[in-house]
Amino acid sequence: MSDYQTPAPGAGMDAFFLARGIAVIGASADATKIGGRPVHLLRRHGYAGAIYPINPKGGEIQGLPAYARLADTPEAPELALIAVPAAHAVQAVEDCAARGVRAVVVLSSGFAEAGAQGAAWQAAMRATALRHGMRLLGPNCLGTVGVAERAIGSFSVALEDYYPRPGAIGIVSQSGNIGSYTLQLLVQRGVGISRMVTTGNEAEVDLADGIAALARDPATRVILCCMETCRDGERLTQALAIAREHQTPVVVLKIGATEQGQAAAASHTGALAGSDAVIDAVLRRHGALRVRSHEDLVEIGQALSQLLPHSLPRKPAVTLVAASGGFGIMMADAMSDAGLALPALAAATRARIHKVLPGASTSNPVDASAQISSRPDILFEVLSALQEDPGEATTVLFLSLGLYSSRLRDIYLQALAQLRAAYPQRPLIIISRGPADAVVQIQALGIPVFSSIDAAARGIAALVRQAELLAAEQPPAVPARSAGARLPESAFRNEYAAKQVLIDAGFEVPLERSVRDADAAVQAAEALGYPVVLKILSEDIAHKTEAGGVALNLADAAAVRAASARIFASVAAHAPQARIEGLLVAPMLRGGTELIAGISRDPVFGPVVMVGMGGIYAEVLRDVAVQPAPVSQAQALAMIRSLRLFPLLDGARGQARADIDAAARAVARLSEFACTHRDQVGEIDLNPILVRPAGQGIAILDALMVACIPETESAHAE
C-alpha cells in the first residue's frame with residue numbers, strides 16, 4: 001500500500017483534455033502502429049498544441065522533430081502518451097514524473113491482465129503517479145479524447161476516418177473498444193461528443209474519475225458510462241453525487257453481471273443479494289439510469305441530450321399515432337409492457353383531429369390512416385392537437401416507410417420543423433429505421449428517433465425515470481452508528497443465541513426456550529402453551545428444514561416427545577458429524593404474511609440489506625429488494641412497496657392489511673445493526689418474519705447470523 005493519498009474523483013483530469021503540449025513516448029513513423037497513430041491523429045485533426053514524438057533514434061517522425069528523451073523537449077508537456085513495451089513503461093512513467101508532466105496515458109498492454117510481473121509493473125507506475133501527484137490513466141486502455149480541443153490521447157480506429165463534432169454527450173468506459181464503438185455510433189448518428197475517457201486496468205485513474213470530470217465539464221450534459229466492474233464503491237458513489245449536484249444524467253450500461261459472490265454462503269440472503277442486484281441498487285439510489293443493452297445506451301443517451309433540460313416526459317403516459325391500425329396495436333402492446341399508460345384523448349383534441357381527418361380513429365392509439373401524410377398542414381394540425389392535449393402524454397409517431405419517399409419525406413420534415421418550433425418544451429418521439437440521413441435531419445430538430453417500437457417503449461420509460469431522478473431530492477442516508485459493544489461469539493452458534501442478541505438490540509422476537517432433550521422440551525412447551533414448534537439447534541446446520549430438523553404445530557406432550565425423537569434421528573442421518581446443542585421450543589404462531597430480511601456483505605459496497613417475500617419459497621420466488629446499508633425507515637418502506645407481491649401485504653382480496661410500518665422499522669434497524677457490527681457480522685438471515693395485521697407488529701420466527709471472514713482469510717480466498 002502507498003502512503004500517498006488517492007486524489008478525489010475527477011481531480012486533475014483537465015490535463016487530459018486541455019493539455020498545452022502532448023508527448024508520445026514510443027512514437028513511430030508508421031501511422032498504423034500504436035506509437036504512430038496518436039501522432040497521426042493529432043496532426044490530422046488539428047490539435048493546436050505542441051506535439052513531441054519521443055523515440056531513442058531521434059530524427060524526424062511524421063514531419064515533426066523527434067526527441068531521444070522526454071527531458072530533451074523544449075518545455076514540459078502537460079500530457080504524455082506511453083506506447084512502449086510494458087517492461088519499459090515503468091521507467092517512462094518515472095521520466096514523466098521527473099519532467100513535471102501533469103497526466104499520463106499508458107496505452108501499452110501487458111500489465112495486471114498478463115500476470116504477476118505485469119501486476120508488479122502496474123503497481124510501480126501507480127506508486128510513482130501518486131508520489132508525484134500525476135494522474136495516470138490505464139494501462140491497457142484506449143485513452144482519452146477532448147473533442148472541442150482536439151486533444152487526442154488515443155489510438156482508436158474510430159478517429160481514423162471520422163472526427164466527432166463537439167457536442168453534449170460524454171463517454172466513460174472501462175473497455176476501450178466499447179467506448180470507441182459508442183463514439184463511432186454516435187458520430188454516425190450525427191451526435192456531438194464532448195469528451196471520451198477509457199480507463200482500462202485502472203491503475204490510478206478509474207471510472208469514478210471519468211464520471212466526476214465529465215459532470216464538472218460545462219459542455220457535457222449527458223454521460224454515457226460503460227461499466228464492467230466497480231473496484232471502489234465509495235469513489236463511485238462520490239462521483240455519482242457530483243453528477244447529481246451538476247444535474248448531469250449518468251446512463252450506465254453495466255455488463256458482465258457478476259456471478260453471485262455469495263452463492264456458497266450459508267444464508268438465503270447471501271444467495272438472493274447477488275452482486276448485480278447490489279450494483280443495480282447503488283446506481284438507482286445515487287441517481288444513475290441503468291440500461292440493459294448498448295443500443296439503449298446510445299439511443300436513450302442521445303434522446304436525453306436532445307430533450308434536456310425542459311422537454312423530458314412529465315408522466316409515464318403516451319399518445320400513439322400511426323398510419324395503420326396494426327402498427328398502433330403493436331405500439332400499444334410494447335408501451336403497456338414497459339409500464340406506460342395510454343390515456344384517452346380529451347373531447348376537444350378528438351374534435352380537432354376529426355376536423356382535418358374525418359375518418360381517423362381518435363382512440364389511443366390514433367389511427368390517422370395514410371391521409372395524415374397527404375399535406376404538411378394536416379400532419380401539423382394532428383400533431384399540434386396532441387401536443388396541446390391536457391393529458392400531457394408524450395406523443396409518439398410511427399413512420400414505417402414515409403421517410404423513404406422523397407415526396408412524403410419533405411412533408412414530414414416540414415411539419416416536424418414547424419411543430420418543434422411551436423412546442424419546444426413538449427416531448428415528441430419518432431419511431432423510424434431510416435433512411436439514416438432523414439433520421440439525422442429529424443434529430444437535428446431536437447426530436448429523438450428510436451429505431452424500433454420496443455426500443456422506443458424502453459426509451460420513453462427510461463426518460464420518465466430520468467425526469468423523476470432529476471426532480472427528486474436524494475433522501476438523506478442514515479448515518480452509520482459508531483461501533484458498539486462487541487457481540488458475543490455465541491451469537492454465531494445457533495438460532496437461539498442469534499435471537500438473544502437481536503432481542504437486546506430491540507428486535508421483536510417471540511418468547512422461546514433452548515432445551516437439551518425431550519423431557520425439557522415438554523416442560524418448555526407447557527410453559528409457553530401449545531401448540532409449539534421444535535427446531536434443532538446446531539452451529540453446523542444452517543438450513544434446518546432440509547435436515548429434517550423442524551416440527552410444526554405440536555399440540556401436546558406426546559407430539560413433542562415423538563417430534564424430538566424424529567428430529568434427532570433425522571439430523572443424525574443427514575449430518576452425522578454435526579454438533580448438536582439441543583432443541584429450540586417456540587410458540588406456533590399463525591396469521592400474517594411472511595417476509596425475509598437479511599444482511600450480506602458485498603465485496604465492494606460492504607453491508608447490504610435485503611427484504612423479500614419469505615418462507616420456504618424465498619429463493620424460488622426471488623421477489624426481493626436490495627439496498628446498501630444503512631437505510632432509513634422511509635427507504636425500507638419503499639423497498640417493501642417495490643416487491644411484486646406487495647399487494648399481499650397491502651390487503652389484497654379483502655385480507656387484513658399487514659403492519660408494513662413495523663416491517664420497515666425492522667429492516668431499517670437491521671441495516672443499522674449490520675453497520676454497527678460490520679467488523680463481526682458477515683451475514684444475517686431473518687426468515688421468516690411474520691408480519692401481523694396493521695398495528696400488531698411483527699415476529700422474527702427464525703434467525704441465522706454468520707461471522708464475517710477475517711481480512712487475511714478473505715484476501716487468501718480471493
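Shown above is the structure to which this text applies.
Rules and cut-offs
Here, residues in each chain are numbered from 1, in the same order as that chain's written sequence. Thresholds applied to this predicted model are a pLDDT of at least 70 for local features of residues and 80 or more for the giving and counting of side-chain atom pairs; totals over whole chains, interfaces and linings are not thresholded and use all residues. The basis for every side-chain value is the complete set of non-hydrogen atoms in the structure, without hydrogens or water. A run of H or I in DSSP becomes a helix once it reaches four residues, and a run of E becomes a strand once it reaches two; helices and strands are each numbered from the N terminus. Any residue under 20% of the maximum accessible area for its type is buried, any over 50% is exposed, and the rest in between are partly exposed; the area is computed with a 1.4 Å probe on protein chains only. Residue contacts are counted whenever heavy atoms from the two residues lie within 4.5 Å of one another. To be clear on the numbers: accessible area is Shrake-Rupley with a 1.4 Å probe, and residue cover counts the displayed protein chains and nothing else. Only four residue types enter the tally: Lys and Arg on the positive side, Asp and Glu on the negative side, with His and both chain ends excluded. Positions of charges follow a simple convention, taking NZ of Lys, CZ of Arg, CG of Asp or CD of Glu. Two rings belonging to Phe, Tyr or Trp (six-membered ring only in the last case) form a pair when the distance between their centres is within 6.5 Å. Interplanar angles under 30 degrees mark stacking, angles over 60 mark edge-to-face geometry, and anything in between is tilted. What counts as an axis is a line fitted to C-alpha atoms, over the stretch in contact for a helix, and the angles between N-to-C directions run from 0 to 180 degrees. What makes a crossing left-handed is the near helix being turned counterclockwise from the far one by less than a right angle; a clockwise turn instead makes it right-handed. Charged means Asp, Glu, Lys or Arg here, nonpolar means Ala, Val, Leu, Ile, Met, Phe, Trp, Tyr, Cys or Pro, and polar covers whatever is left, Gly included. For each structure, a 1 Å grid was placed over the protein atoms alone; sets of points admitting a 1.4 Å probe that cannot get out are labelled cavities, open sets with protein on both sides within 12 Å along at least five of seven lines are labelled pockets, and lining residues have an atom within 4 Å of a point. Grid points are joined across faces, edges and corners, and a volume is the space filled by probe spheres set on the points. Orientation labels follow simple angle bins: below 35 degrees gives roughly parallel, above 145 gives roughly antiparallel, 65 to 115 gives roughly perpendicular, and whatever is left gives oblique. For this analysis, a polar contact is any N or O atom pair within 3.5 Å, provided that within protein one partner can donate a hydrogen and the other can accept it, and provided that sequence-adjacent residues contribute only side-chain to side-chain pairs. By salt bridge we mean one thing: a side-chain nitrogen of Lys or Arg within 4 Å of a carboxyl oxygen of Asp or Glu. We define the nonpolar core as a collection of buried residues of types Ala, Val, Leu, Ile, Met, Phe, Trp, Tyr and Cys that are connected through side-chain atoms lying within 4.5 Å of one another. Note: two strands are recorded as paired if DSSP finds a minimum of 2 bridges between them.

(A) Structural context of the overall build of the protein chain. Scanning the protein chain from terminus to terminus reveals 23 helices and 29 strands. When its C-alpha atoms are laid out on the principal axes, the protein chain stretches across 95 × 80 × 40 Å. In the protein chain, which comprises 718 residues, the share counted as buried stands at 56%. A separation of at least 24 residues holds for 72% of the contacts in the protein chain among residues at least 6 apart in sequence. Of the roughly 29500 Å² of accessible surface on the protein chain, 52% is carried by carbon and sulfur atoms. A distance of 5 Å separates the average location of the 61 positive side-chain charges in the protein chain from that of its 69 negative side-chain charges.

(B) Quick peek at the packing of aromatic side chains. All told, the structure shown has 3 aromatic pairs when counted by the stated rule. With 5.9 Å between their ring centres and 75 degrees between their planes, Tyr-52 and Tyr-67 make a pair best called edge-to-face. Residue Tyr-52 is found in strand β2 (residues 50-54), and its partner Tyr-67 is found in the loop between β4 (64-65) and β5 (79-82); the two are separated by 15 residues along the sequence. Given a relative accessible area of 6%, Tyr-52 falls into the buried group. With a relative accessible area of 19%, Tyr-67 lands in the buried category. Relative to Phe-673, the ring of Phe-507 lies with its centre 6.2 Å away and its plane at 90 degrees, an arrangement referred to as edge-to-face. Here Phe-673 lies in helix α22 (residues 660-676) and Phe-507 lies in the loop between α16 (495-504) and β20 (513-515), a separation of 166 residues in the sequence. Using a relative accessible area of 4% as the deciding quantity, one classes Phe-673 as buried.

(C) Geometry of the packing of helix α20 (residues 633-641) against α22. For the pair α20 and α22, the least separation of the axes is 8 Å and the interaxial angle reads 115 degrees. By crossing handedness, the relation of α20 to α22 is classed as right-handed. Contacts between α20 and α22 pair Gln-633, Ala-636, Leu-637, Ile-640 and Arg-641 from the former with Ile-660, Asp-661, Ala-663, Ala-664, Arg-665, Val-667 and Ala-668 from the latter. Considering only residue class, the contact of α20 with α22 consists of 8 nonpolar, 1 polar and 3 charged.

(D) Local environment of the layout of surface pockets. Computed from the structure, the second largest pocket encloses a volume of approximately 970 Å³. A per-element tally of the lining of the second largest pocket places helix α8 (residues 275-285) first, with 7 residues. For the lining of the second largest pocket, the class distribution of residues is 19 nonpolar, 5 polar and 12 charged.

(E) Quick look at the packing of helix α4 (residues 176-188) against helix α9 (residues 294-307). Where α4 meets α9, the axes come as close as 11 Å, and the angle between the chain directions of the two elements is 45 degrees. For the element pair α4 / α9, the angle class is oblique. Crossing handedness for the pair α4 and α9: right-handed. Where α4 approaches α9, its residues Ile-178, Tyr-181, Thr-182, Leu-185 and Leu-186 are matched on the opposing element by His-294, Leu-297 and Val-298.

(F) View of the side chain of Asp-217. Relative to the elements of secondary structure, Asp-217 occurs in the loop between α5 (207-216) and β12 (222-227). On the accessibility criterion, Asp-217 (9% relative accessible area) is buried. Side-chain polar atoms of Asp-217 contact the side chain of Thr-220, separated by 2.6 Å. If we skip the residues at most four places from it in the chain, Asp-217 touches Ser-194 and Arg-195.

(G) Layout of the environment of Ala-656. Looking at the element boundaries, Ala-656 is found in the loop between α21 (646-649) and α22. Judged by relative accessible area, which is 53%, Ala-656 ranks as exposed. For Ala-656 and Ala-694, which are 38 residues apart along the polypeptide, the C-alpha to C-alpha distance reads 7.5 Å. Those residues within four positions of Ala-656 in sequence are excluded, and the remaining contacts are Gly-651 and Pro-693.

(H) Spatial organisation of the environment of Gly-179. Structurally, the position occupied by Gly-179 is in helix α4. Gly-179 sits 119 residues away from Glu-60 along the chain, and the two C-alpha atoms are 32 Å apart. With near-sequence residues (within four places) excluded, Gly-179 lies in contact with Ile-171, Ser-173, Met-196 and Thr-198.

(I) Examining the pattern of salt bridges more closely. In total, this model carries 35 salt bridges according to the counting rule given. Ionic pairing is found between Asp-280 and Arg-292, a salt bridge with its closest N-O pair at 3.2 Å. Here Asp-280, found in helix α8, pairs with Arg-292, found in the loop between β14 (289-291) and α9; they are 12 residues apart in sequence, far enough to count as distant. Where salt bridges share partners, they join Glu-495, Lys-499, Glu-512, Lys-535, Lys-544 and Asp-702 into one cluster.

(J) Geometry of the nonpolar core. The biggest cluster of nonpolar side chains holds 80 residues, and the ones touching the most others in it are Phe-16, Met-335 and Val-396. Here the element with the most residues in this core is helix α15 (residues 453-471); it accounts for 9 residues. Listed in part, the 43 residues of the second largest apolar core include Phe-673, Ile-684, Leu-686 and Met-705.

(K) Local environment of the sheet that holds strand β13 (residues 250-254). Taken in spatial order, the 7 strands line up as β9-β8-β11-β10-β12-β13-β14 in an open sheet, and their pairing is mixed. A strand with exactly one partner marks an edge of an open sheet, and here the two such strands are β9 (151-153) and β14. Taken pair by pair, the neighbouring strands of this sheet meet at an average axis angle of 15 degrees, ignoring direction. Here strand β8 (residues 143-146) runs beside β9; their pairing, made up of 3 bridges, is antiparallel. Bridging from a neighbouring strand, Val-145 pairs with Ile-152 of β9.

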